[in-house]
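Close look at the chain arrangement
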Amino acid sequence: MTTESLLSVRDLSVAFSHGAHGGPETLAVDHVSFDIGKGETVALVGESGSGKSVTALSILKLLPYPAARHPSGSIIFRGQDFLQMSERDMRRVRGDDITIVFQEPMTSLNPLHTIEKQIGEILLLHRGLAGAAARARILEVLSQVGIPDPQSRLKSYPHQLSGGQRQRVMIAMALANEPDLLIADEPTTALDVTVQAQIIALLKELQQRLGMSLLFITHDLGIVRKIANRVCVMKEGKIVEHGDVERVFAKPEHPYTRALLAAEPKPDPAPLQPDAPMVLEATNLKIWFPITAGVLRKVVGHIKACDGVTIELHQGETLGVVGESGSGKSTLGRAILRLISSEGPIAFMGHELQGLRFKEMRPFRHDMQIVFQDPYGSLSPRLSVAEIIKEGLKVHHPNMSEHERDERVIQALKDVGLDPATRFRFPHEFSGGQRQRIAVARAIVLEPTFIVLDEPTSALDMVIQAQMVDLLRSLQKRRNLTYLFISHDLRVVAALASHLIVMRQGKVVEAGAAADLFKNPKSDYTRALFAAAFNLDTAPAGVVAQ
Amino acid sequence: MDARTLLEKTIEKAEDPTIPPEPRPKPDIEPAGPLGLAVLPIGIEFSPINIRRWRNFKANRRGYWSLWIFLVLFVVTLFAEFIANDKPLYLRYDGKSYFPVIFTYPETTFGGDFETATDYRDSYLQKLIAEKGGFMLWPPIHYSYNTHNLDLPTPAPSKPTWMLTAAECKAVLERKGLNSCGDLEYNWLGTDDQGRDVLARLIYGFRVSVLFGLILTIVSSVIGIAAGAIQGYFGGWIDLLFQRFIEIWTSVPELYLLLIISSVLVPGFFVLLGILLLFSWVRLVGLVRAEFLRGRNFEYIQAARALGVSNAVIMFRHLLPNAMVATMTFLPFIMSSSVMTLTALDFLGFGLPPGSPSLGELLSQGKANVQAPWLGLAGFFTVALMLSLLIFIGEAVRDAFDPRKTFT
């Protein structure tokens, strides 16, 4: 690789002070040093809270000063130290020499401005380009990032673009002034796997074509292997290991790197149990949301969130439901629990659920539970952990003594691997993974037979994802549970599912035993999904969404 | 990414479920306010977020001191009968103890001629008691809100006693056999146009205003929160119909209706309360409705529904605490506007029945008697003080519940 260093970070520290003035400080980044050479891709890897984003933001001095402070270090770019530079000079660097692409394409673009205006703004700021010259450059970068028919997209607003296209526009903005260094802060985390593969391929291609350097921040080691030349592994604000990608993946030195590499969920799916009693049977399930128009609210059409989905699930099995966002998989899970209305028979343990009223559903809720994606949103912030877990017991066992309830809570917490002594604390005192364990404890305390797991691992770091998968599997074995596992992460699904449904736009594309399906996917869409998830390969145009 | 998420990210600990989370910081509430009273009863555990809110509240010095001043004034005026009254607190007569503030005794008890309630201010009766070696412990102010000072040195409204000149006192002094103006029974803030003590009326008036405001605020909040909660939680047709009803209801001209009703019903404390309540409950509905609309889609609400928890429990246990933050922020302001409404009605003469102690009535007397500035000034400063205190408290409460301050 090139040896000439473009950006050199030396001994950088970032401290955040709490409260207004002179409060206690937290060291978010702790004496970090690394170099980025010309035309090189460096990846910063670590779990959330490891300080990787803070490091990236401090390069452009985008931290909330003066709450943030640099107790030590220097950031040398072309012989200048950014930390000594004035805010005015920094503004000249931002968006011109160094640009940044953020994680969330939904909020990174101003919803009130057209694409042309947003890209045109930085061209005007740094190069004084306007009018026809600016438009030519905008069209050029838009076609560079693979926006089809850029001419017609100039007047589009962000909401008219898909998530992947928005991220492409963000990259176009970052490229507009031909930067020397592009910082990509988890640019694909919020995207579907198929789109993620496309964006990675795009970034790699652009980087090679334009000869710029890339600082890529991610928690996903698969991406690092695909894109980076060198990698820095961060943990608790320190770089614990750095080196060439091949070397680090082949011979990790630091125990943490080894743990990260070993964090892949182990595939050991639940076996098919065709002889076990049928737990859930849904036939031709339809969830159509009406689209109304006019004064009289006439129904002019339907959004078909789920269209003719058929499910058969025996006790002890796991049904994986996969698909891109918007494919209707979460809606399906909620419809089966009768949290939203649907059409078509749903038989649960031989009883028909469709048409039951809320009160009539209550006895069945004892046996069917749900774990949600967001461990922060799914626990009431004002109740203690014990109260949260106890809630279901109060509903379904109103005569149970308080002591007995407590016993059940303690048992549930033990089952999910949490210290029962923590049950009087509030959710905000727990980390994301621990909260998700609490959510699982809430579901299993009633000893249900069937649990809908709605992306239970998506908001978690890699290492914790693997732990969560192990926990779910051991609970399933011990209690003979039946899962409906909804996820867009095929690696996790592969580790758990015995059946698989691939959904797209509300319809089942492919269904069958997981083992067969992973081996011989029949439809192009499934193949593209698998390729993107397991190898970060892109599919030919037209098969998946852009 | 803003500072908060950055901070949270940096603080978040590495994952290991076997390590219990950090011990909760001990709630270190200083137990004493400026008067040395316990601020929070020991033994009740407050959630950390409420402790932080209390700290934020205290950080706003103006609001914090306003709360104390207001509480002191409120508690003191609650015992107005023991501060300003035309009956002694304690009476020793003929070897027996009497508590005239609490019990009513006929004049005959003390050797008077009539079976009527004793007028302890009557000099004849005072003489009778003194002859038997009696002893009277008076409250600091010897007038109640409806006591007419019969020994006015000047025609009512009469000046504060300390402003009187020797010439003005002369007639009364001669009649009562006293030496100087200083020996008179003091009217610290003068008297109103019927010779009643202004200070005594202020104390009673303050109490009525605050109690009226408090009751109106609480009752209208309860109704408003319930209505908002039902609309927000159930949505759909219930929400639609209720919203339209409220739109029509709020467009009814409140003041005219009040004038009409008060000409039919005799406007007493509770009649006024009821009439004002008819319109004031709407104020919180929109706020609470919005909170419930937002909250009912939270995942933990979904989770509770999936557990089979009933609607009422979800509303009460899970959603109401969210709405309470917005509601609490509004309460002091609702209270100050309730006080203001009552004062305005009294000022216009459509408020409490004649003779009741009321700040609005004092203000209108001040307007009618410009030559007696103590009336208007006393009323103005009391109302201004009360409303300012409430607004300052409200600002501090708003700061305390500000989520941006709560989490940093």
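Residues numbered from 1 in each chain as written. Chains lettered and ligands numbered in written order. Predicted model: local features only at pLDDT ≥ 70, side-chain atom pairs only at ≥ 80, totals over all residues.

With that settled, the discussion passes to the overall build of chain B. For chain B, the count of helices and strands is 15 helices and three strands. Classification of the 408 residues of chain B by burial places 35% in the buried group. Within chain B, contacts between residues separated by at least 24 positions form 68% of all contacts whose residues are at least 6 apart in sequence. (Helix = DSSP H or I, 4+ residues; strand = E, 2+ residues; numbered from the N terminus. Buried ≥ 20, exposed ≤ 12 C-beta atoms within 10 Å, placed from the backbone. Contact = placed C-beta atoms within 7 Å.)

Moving on to unusual backbone geometry. Residues and elements named next belong to chain A. Although it is not a glycine, Glu 236 sits at a positive phi angle of roughly 45°. Given 18 C-beta atoms within a 10 Å radius, Glu 236 is considered partly exposed. For Asn 480, which is not glycine, the phi torsion reads 55° and is therefore positive. Along the chain, Asn 480 falls in the loop between α17 (462-479) and β19 (482-486).

Below, the discussion takes up the confidence of the model for chain A. Residues with a pLDDT of 70 or more make up 97% of chain A, whose mean pLDDT is 85. Mean pLDDT across the secondary structure elements of chain A bottoms out at helix α3 (residues 105-108) of chain A, with 76, and peaks at β19(A), with 92. (pLDDT = per-residue confidence, 0-100.)

On to the sheet that holds strand β12 (residues 278-293) of chain A, then. Residue and element names in this part refer to chain A. In spatial order, the strands read β13-β12-β15-β16; together these four strands make up an open sheet with antiparallel pairing. Bordering the open sheet on either side are β13 (298-314) and β16 (351-352), each of which pairs with just one other strand. Relative to β13, β12 runs antiparallel, the two sharing 13 bridges. If you follow Met 278 over to β13, its bridge partner there is His 314. (Pairing = 2+ DSSP bridges.)

Let us now look at the packing of helix α6 (residues 198-234) of chain B against helix α10 (residues 285-295) of chain B. Residue and element names in this part refer to chain B. Between α6 and α10, whose axes approach to 7 Å, the crossing angle comes to 35°. Where α6 crosses over α10, the handedness of that crossing is right-handed. Seen from α6, the contacting residues are Gly 224, Ile 225, Ala 227, Gly 228, Ala 229, Gln 231, Gly 232 and Tyr 233; seen from α10, they are Val 285, Leu 287, Val 288, Arg 289, Ala 290, Glu 291, Phe 292 and Leu 293. Taken together, the residues that form the contact of α6 with α10 break down as 10 nonpolar, four polar and two charged. (Axes fitted to C-alpha atoms, helices over the stretch in contact; angles between N-to-C directions. Left-handed = near helix turned anticlockwise from the far one by under 90°. Nonpolar A, V, L, I, M, F, W, Y, C, P; charged D, E, K, R; others polar.)

All names here are of chain A. Note that Lys 298 resides in strand β13. On the basis of neighbour count, Lys 298 is assigned to the exposed category, with 10 C-beta atoms found within 10 Å. Not counting residues within four places of it along the chain, the set of residues in contact with Lys 298 comprises Thr 292 and Ala 293.

Further remarks concern the confidence of the model for chain B. All names here are of chain B. Looking at chain B, pLDDT values average 81 and 87% of them are 70 or higher. Per-residue pLDDT stays below 50 along residues 1-43; that stretch engages in 62 contacts with residues further than four places along the chain or on separate chains. With a pTM of 0.72, the predicted complex shows an ipTM of 0.71.

All names here are of chain B. Between α6 and helix α12 (residues 311-348), whose axes approach to 7 Å, the crossing angle comes to 145°. Like other packed secondary-structure pairs, α6 and α12 cross with a definite hand, here right-handed. Looking at the contact of α6 with α12 residue by residue, the classes come out as 15 nonpolar, eight polar and no charged.

Grouped together as the largest cluster of nonpolar side chains are 176 residues, with contacts concentrated most on Ala172(A), Leu215(A), Ala441(A), Leu484(A), Phe485(A) and Leu529(A). Once residues within four sequence positions are removed from consideration, Leu215(A) is found in contact with Ile36(A), Val42(A), Leu44(A), Ala56(A), Leu181(A) and Ile183(A). Formed by 43 residues, the second largest nonpolar core is a distinct cluster that contains Phe206(B), Val208(B), Leu363(B) and Val383(B). (Core = buried A, V, L, I, M, F, W, Y, C linked by C-beta atoms within 7 Å.)

With that out of the way, let us pick up the sheet that holds strand β7 (residues 98-101) of chain A. Residue and element names in this part refer to chain A. Across the sheet, which stays open at both edges, the six strands sit in the order β7-β8-β9-β3-β10-β11 with mixed pairing between neighbours. Every other strand in the sheet has two partners, leaving β7 and β11 (238-244) as the edge strands with one partner each. Here the average twist between neighbouring strands, direction ignored, is 15°. By the bridge criterion, five bridges tie strand β8 (residues 181-185) to strand β9 (residues 213-218) in an arrangement that is parallel. Paired with Leu 181 across the two strands is Ser 213, which belongs to β9. Contacting β7 and β8, helix α7 (residues 163-175) runs over the sheet at an angle of about 175° to β7.

As a further point, take helix α11 (residues 299-306) of chain B. Burial of α11(B) is extensive: eight of the eight residues sit out of reach of the surface. Those residues of α11(B) that fall on the buried side of the exposure criterion are Glu299(B), Tyr300(B), Ile301(B), Gln302(B), Ala303(B), Ala304(B), Arg305(B) and Ala306(B). Close packing links the buried residues of α11(B) with α13 (358-365), β17 (368-371), α14 (385-396) and α16 (432-444) of chain A together with α10 and α12 of chain B. At the C-terminal side of α11(B), Gly308(B) shows a positive phi close to 90°.

This part takes up the pairing of strand β3 (residues 41-45) of chain A. Residue and element names in this part refer to chain A. Counting buried positions along β3 gives five out of five residues, so the element sits mostly inside the fold. Where β3 lies against β9, five bridges are found, and the strand directions are parallel. Residue pairing for β9: Thr 41 is matched across the bridge by Leu 214. Strand direction decides the pairing type here: β3 and strand β10 (residues 230-235), joined by four bridges, are parallel. The residue bridging Val 42 from the neighbouring strand is Arg 230, located in β10.

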